[in-house]
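A look at the structure
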Amino acid sequence: MAQRTAKGPAPRVPALDEELARRLLFDMMLIRRFEEKAGEMYALGKIGGFLHLSIGEEAVAVGAISTLRPDDYAISTYREHGHCLAKGSDPRRVMAELFGRRDGLSKGKGGSMHLFDKTVNFLGGHAIVGAHLPLATGVAFASKYRSDDRVILCFFGDGSVPEGEFHESMNLAALWKLPVVFICENNRYAMGTSLERALAQTEIWKFGHAYHMACEPVDGMDVLAVRDSIGKAVERARRESAPTLVEARTYRFRGHSMRDPAGAVYRTKEEVEREKLRDPIVLFRTRASEAGVLTDADVKALEKDVNDRVDEAVAFAEASPEPPVEWLFTDIYKEND
Amino acid sequence: MPVITYREALNLALREEMQRDDRVFVIGEEVGLYEGAYKVTQGLLKEFGPRRIVDTPIAESGFTGAGIGAAMVGLRPVVEMMTFNFALLALDQIVNSAAKLHYMSGGQYHIPIVIRGPGGPAHQLAAQHSQSMETYFYHVPGLKVVRPSTPADAKGLLKSAIRDDNPVIFIESETLYAVKGEVPEDPDFTIPLGQAVVRREGTDVTVVAYMGMYYRAMEAAEELEKEGISVEIVDPRTLRPMDVDTIMASVRKTHRAVVVEAGAGFAGMGSEISAWIQEHAFDDLDAPVERVTGENAPMPYARNLERAKTPSKDKIIAAIRHVCYANGG
Ligand SMILES: Cc1ncc(C[n+]2csc(CCOP(=O)(O)OP(=O)(O)O)c2C)c(N)n1
Ligand SMILES: [Mg+2]
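The paragraphs below set out a description of the structure included in this document. If you're wondering where the values come from, they're calculated on a predicted model, not measured in any experiment. (Residues numbered from 1 in each chain as written. Chains lettered and ligands numbered in written order. Predicted model: local features only at pLDDT ≥ 70, side-chain atom pairs only at ≥ 80, totals over all residues. Heavy atoms only, no water.)

Considering the pairing of strand 5 (residues 114-118) of chain B
Residues and elements named next belong to chain B. Keep this limit in mind: Relative accessibility thresholds used throughout: buried, under 20% of the residue-type maximum; exposed, over 50%; partly exposed, between the two (1.4 Å probe, protein chains only). By definition, any uninterrupted DSSP run of H or I lasting at least four residues is a helix, any uninterrupted run of E lasting at least two residues is a strand, and each is numbered from the N terminus. Whether two strands pair comes down to DSSP finding at least two bridges between them.
With respect to burial, strand 5 is a largely interior element, 5 of its 5 residues being buried. Burial along strand 5 is two-sided: Val114, Arg116 and Pro118 facing one way and Ile115 and Gly117 facing the other are all buried. Pairing between strand 4 (residues 76-80) and strand 5: 3 bridges, direction parallel. Paired with valine 78 across the two strands is valine 114, which belongs to strand 5. In this sheet, strand 7 (residues 168-172) lies alongside strand 5 in parallel orientation, the contact comprising 5 bridges. Directly across from isoleucine 115, in strand 7, lies its bridge partner isoleucine 169.

Shown next, in the form of structure tokens:
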């Protein structure tokens, strides 16, 4: 299904300058390398619990978040390393969190599924499917309450769509005209359950119509198309205080988590191989070099930079001590200031 | 000091806190135009407008989650549950989001939210609308749970709950809204969360009770006074964090304890308090701690069955006599 049935207006091609191309490619490559490394560290037993990689889906996080101001918010699921890094978190502190160390973003108390970074307005890592959609709605409510024009991007999987909280949130956001962009990362599977086995309406973006909400599908493997679509949605949120539902069609190249080997029972090897031909990083690199904005040497330099950053992140995480045992009891309640 | 109803005391607390802090807003079903299913929010829409008194559709998980999201970025929502029975639809948001975001984020985000509404045995409302709801919440680290028995407590504790930086579950009672009592007018009057109160001094036995059971225990105490049994009544007011010091000080004085609760007894508040007393004051006790609890059955509709389900004054009296090794006990 490399040829998606994404209808709607053909993506406009915005001007691609060198600076932008460099930033988008760097961010996607950083996420890719970071997660490959995290996978290795998991195999070595340095990372525990559940580890969900977004390899193959980087264009959605990077394209979408590239349209935000720093004071805008993003919120996501347990498959959120990419969103967190794209929002600007320090890879060293993200890796330290995965390692469960004291210098992790959440002091080692959250882990891979619960990354939070207030310094970049990343509102977390939420591991109950569908539960952060109401939270995003409330954050947008607060923006409107304060008239401060800050927008929130809410990333979630296709698995959230059959949940009641998806529908409650869509309704409330549309009813109250809130500045939120709902971005469904449709990778066609919720664990082993394909869209067709979960949804009576598999064109997820069309749920927007039911709630009188602007909505469209977008090719989630094309970082510029994502940027274009989300860019419009962010403007709509900021200028008109109106929500949008965007269905970004993407694919995860790896298994659901590290406990699910890729190409397992619910999908074919052929399907996975076919999808890998639409690797968002390769697609964008090719496009940037064909457009003459990035040379091979530029890409090599970015690659080295990315590798260094990830190596540093691992070294930092390794060196960071475990959280002291007294921290078991801190941050349960906040003392009033 | 003016005498007002429990309902008016809550209303006053909301008004004062909304006047004091623009970040405070009320959100829930029928809180605005309808003025509250139990009229607790009467007049607030008129005074504060629809920006701050927010009517919602019937979507408990959605609007509770929205409150939590708004709290994450600095607002101070008061979410009204039409009745706490419906909070079960938002239980995931309360337990997995509100209670844990501070911890999971390593202290970066905190959730100053109050979730309030009536929730307790009420007259002939049957199994789905008449039950003690605190049990579902006080087990959870990260939540504070308040059960205010009197009008003054309702006001003072709600104000503290709104000013608190943590999620507070504030469960009122249908059967107490019309109860009257003296309530301080001072807008700075608050009662700290986590402080129990000795409601009645006595020397022979400590009775721990709250909400409707507190009033029933008072009746029992008056009656036993005539027999020469002096009952001390402690109202915990906040169930989490629990003021064990006040309870323990009373038990150390009286050497006997009866814990009363309206809800089904199995793994209830009574179990927790009596376990605590036996663990920490065993040597002070002259008798085993006794529990008087609701029966382990859903709430029936029929009047006689309903009466049988909930602890009666007679059962409380019998338990007190029993721990005092008194006549008929
Ligand atoms: C409410 C809830 N039910 C079940 C799960 C277990 N679970 C975790 S991830 C997942 C699949 C979700 O798929 P999707 O939303 O498509 O996101 P993806 O993993 O594809 O990114 C399930 C069923 C959960 N975490 N929360
Ligand atoms: Mg999916």
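A closer look at the sheet that holds strand 3 (residues 152-157) of chain A
All names here are of chain A. Keep this limit in mind: For helices, the axis comes from a line fit to the C-alpha atoms of the stretch in contact; other axes are also lines fit to C-alpha atoms, and the angle between any two N-to-C directions lies between 0 and 180 degrees. The contact definition used throughout considers only heavy atoms, calling two residues in contact when any of these lie within 4.5 Å.
Judged by pairing direction, the sheet is parallel, and its 6 strands sit side by side in the order 2-1-3-4-8-7 without closing on themselves. Of all strands in the sheet, those bounded by a partner on one side alone are strand 2 (122-125) and strand 7 (214-219). If you compare each strand with its neighbour and ignore which way they point, the axes differ by 15° on average. Pairing of strand 4 (residues 180-186) with strand 8 (residues 244-249), which is carried by 6 bridges, proceeds in the parallel orientation. Looking at the pairing, asparagine 186 lines up with arginine 249 of strand 8. Packed on one face of the sheet, helix 6 (residues 164-175) meets strand 3, strand 4 and strand 8 and runs near 150° to strand 4.

Some remarks on the pattern of salt bridges
Formally: A side-chain nitrogen of Lys or Arg and a carboxyl oxygen of Asp or Glu constitute a salt bridge if their distance falls within 4 Å.
This model, assessed by the stated rule, comprises 49 salt bridges over all chains. Here A:Arg249 ties to A:Glu203 by a salt bridge, and the two come within 3.6 Å at their closest N and O atoms. Pair noted here: A:Arg249 is in strand 8 and A:Glu203 is in the loop between helix 7 (195-198) and helix 8 (207-210), with a separation of 46 residues, a long-range link. Given a relative accessible area of 18%, A:Glu203 falls into the buried group. Of the charged contacts, one joins B:Asp22 and B:Arg52 as a salt bridge, the two residues approaching to 3.8 Å between their closest N and O atoms. Taken together, the positions of B:Asp22 in the loop between helix 1 (6-20) and strand 2 (24-28) and B:Arg52 in the loop between helix 2 (44-48) and strand 3 (53-55) put the pair 30 residues apart, joining distant regions of the chain. Through salt bridges with shared partners, one network takes in B:Glu16, B:Glu17, B:Arg20, B:Lys155, B:Lys159 and B:Arg163.

Some remarks on the interface of chain B and chain A
Note the cut-off: Buried area: the accessible area, evaluated with a 1.4 Å probe, that two parts lose upon being put together, summed over both parts.
The partner chain A presents 40 residues to the 49 residues of chain B that form the contact. Each partner contributes to the roughly 3,500 Å² buried at the junction of chain B and chain A, and carbon and sulfur atoms together form 61% of this total. The shortest N-O distance in the salt bridge between A:Lys334 and B:Asp165 comes to 3.0 Å. Elements with a minimum of two residues in the side of chain B that touches chain A: strand 2, strand 3, helix 3 (60-72), helix 4 (91-98) and helix 5 (101-104) of chain B. Examining the composition of the side of chain B that touches chain A, we find that 10 residues originate from one element, helix 3 of chain B, more than from any other.

Side note on the layout of surface pockets
All names here are of chain B. For clarity, the threshold we go by: With a 1 Å grid spanning the protein atoms alone, the term cavity applies to any set of points in which a 1.4 Å probe fits but cannot get out, the term pocket to an open set with protein on both sides within 12 Å along at least five of seven lines, and the term lining residue to any residue with an atom within 4 Å of a point. Grid points are joined across faces, edges and corners, and a volume is the space filled by probe spheres set on the points. By the convention adopted, Pro, Cys, Tyr, Trp, Phe, Met, Ile, Leu, Val and Ala count as nonpolar, Lys, Arg, Asp and Glu as charged, and the other residues, Gly among them, as polar. Start and end positions for the domains come from either an automated domain assignment or a database one.
The space that makes up the largest pocket amounts to roughly 530 Å³. Around the largest pocket, the lining comprises 28 residues; the ones closest to its centre are Pro121, His123, Met213, Arg216 and Thr310. Across the lining of the largest pocket, the residue classes tally to 11 nonpolar, 9 polar and 8 charged. Each of domain 1 (3-182) and domain 2 (197-323) accounts for three or more of the residues forming the lining of the largest pocket. Space inside the second largest pocket adds up to approximately 420 Å³. Residue classes in the lining of the second largest pocket are distributed as 10 nonpolar, 11 polar and 6 charged.

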